[in-house]
Amino acid sequence: MNKSRRQFIQRLTFSTAAIPLLSSWVSPAAHNIIAQDTSGSQKVLRVALMGLGGYAERVAEAMQHCKRASIAGLISGTPAKLEKWGEKYKVPESSRHNYENFDAIKDNPNIDAIYVITPNALHHNHVIRAAQAGKHVICEKPLAISAKEGQEMVDACAKAGVKLLVGYRMRFEPNTLEVVKLRQAGAFGRLKFFQGQCGFVAGDPAQWRLNKELAGGGSLMDIGIYAINGARYMLGEDPIWVAAQETKTDPVKFKEGVDETIQFELGFPSGAVASCLSSYNISHLDRFFLSGEKGFAEMWPSTGYGPIKGRTHQGDLGKPHTIHQTTQMDEMAAIIFDNKTPILPIDGLTGVQDLQIIEAIYKSCSSGRRETIKLA
Ligand code: NAD
């Protein structure tokens, strides 16, 4: 794909469309950005990036500021990209691979982990092969395109004795963690309600995100998953039922199996409910709201690249902005090397559970009924 086409697609996808700091990467110093402190050993995680597309580019730039993670390998189907990225990030030719031969990383002692940043449907094959090469695996969201495939990936990593982490960057974001901390301390009292609105207008109709074979679904797989995540970590519970309905205004662009907009309600064991919206055709949707008997939290924007902003009944959240992917990779090094337990889980099982919730939402859209959710 040429550069202008890639930039076009990037502009039209969530990661770039929903967020103010999209088109240009800004140095941490310029924005007074702080990196989250990492404790324990300082062993650096040497990472091979797989799938050198829009998001990998963002990850690669963010990794330039990591204390504990470095780019040590590259995997791409495009030789020109391997050369360009290899020179830019000083990755030797011996650590540049394509999708056919990357299994050889098994014999490369200079790579500790493979970060899979390819289209959703390819994660299953790529993660299992990375595990079989004996490397830890970081996989982008959604973990897979079905819970069954996700579980197979979890099992493959367990069998190979490597860790599997999902690229849930919000789970390291300081303002998000501040709300979680307040919730854990009981600041909101008994929680009653969460609202998660996540969406953007998907542009190019030819992009893989609108291709069921490669995406596994539509907006829910890509952006609605943030509302599912938010419901779980803001309420601190897992849902037991869902009632959902889909709205499609453009069946030519959003074909069968590629959801355009889904509204879903989740019910939780405590009696709390969540009301969520996932869309590929509504702009400015990036907002969380949490309500309890003693207080509230509002985050807007809530899941974009930041700065994340929000307030509670106690006042503004105001934690300093971090580059999400820098923090994520430094923290992942600590999780992999020091067995650090993250505040919010990012393991493969969490990714499988999100896929089980996604499947229950799709089922409810089809059946028109409330569906029970039973998580692994
Ligand atoms: P992209 O289209 O920009 O990049 C995808 C890359 O995969 C490209 O380099 C492409 O050449 C390569 N590729 C390999 N095989 C391919 C195939 N058969 N068809 C199409 N492309 C193929 O996409 P992206 O936005 O970088 O998304 C990649 C992954 O990252 C997805 O799983 C997505 O959900 C995830 N993502 C996560 C975030 C986040 O904030 N965590 C943001 C954006 C994307």
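Conventions and cut-offs
Residues numbered from 1 in each chain as written. Predicted model: local features only at pLDDT ≥ 70, side-chain atom pairs only at ≥ 80, totals over all residues. Heavy atoms only, no water. UniProt positions renumbered as here; feature names shortened; annotations may be inferred. Pairing = 2+ DSSP bridges. Helix = DSSP H or I, 4+ residues; strand = E, 2+ residues; numbered from the N terminus. Contact = heavy atoms within 4.5 Å. Axes fitted to C-alpha atoms, helices over the stretch in contact; angles between N-to-C directions. Buried < 20%, exposed > 50% of the residue type's maximum accessible area, 1.4 Å probe, protein only.

By the naming in an unreviewed UniProt entry, the chain is Gfo/Idh/MocA family protein, taken from Sphingobacterium bambusae. Per UniProt, the comment on the chain under Sequence similarities (unreviewed entry) is "Belongs to the Gfo/Idh/MocA family."

This part is about the sheet that holds strand β1 (residues 45-50). Strand pairing in a sheet relies on backbone hydrogen bonds. The paired strands run either parallel or antiparallel. If you trace the 6 strands from one edge of the open sheet to the other, you get β3-β2-β1-β4-β5-β6, paired in parallel fashion. The strands lining the two open edges of the sheet, one partner per strand, are β3 (96-97) and β6 (164-166). Helix α10 (residues 324-338) rests against β1, β2 (69-75), β4 (113-116), β5 (136-139) and β6 of the sheet, and its axis sits at about 120° to β1.

Moving on to the pairing of strand β9 (residues 261-267). In terms of burial, β9 is largely enclosed, as 5 of its 7 residues are buried. Taken together, the 7 bridges between strand β8 (residues 241-247) and β9 define a ladder with antiparallel strand orientation. Counted as the bridge partner of valine 242 is leucine 266 from β9. Hairpin geometry of β9 and strand β10 (residues 273-279) is characterised by an intervening segment of 5 residues between the two adjacent antiparallel strands and by a positive phi of about 105° at glycine 271.

Moving on to unusual backbone geometry. Following tryptophan 300, the chain continues to proline 301 via a peptide bond in cis, the omega torsion being 5°. Position of proline 301 relative to the elements: it lies in the loop between β12 (296-299) and β13 (310-312). That bond from glycine 306 to proline 307 is cis: its omega, 0°, falls within 30 degrees of zero. Among the structural elements, proline 307 can be located in the loop between β12 and β13. The residue lysine 90 is not glycine, and still its phi comes out positive at about 55°.

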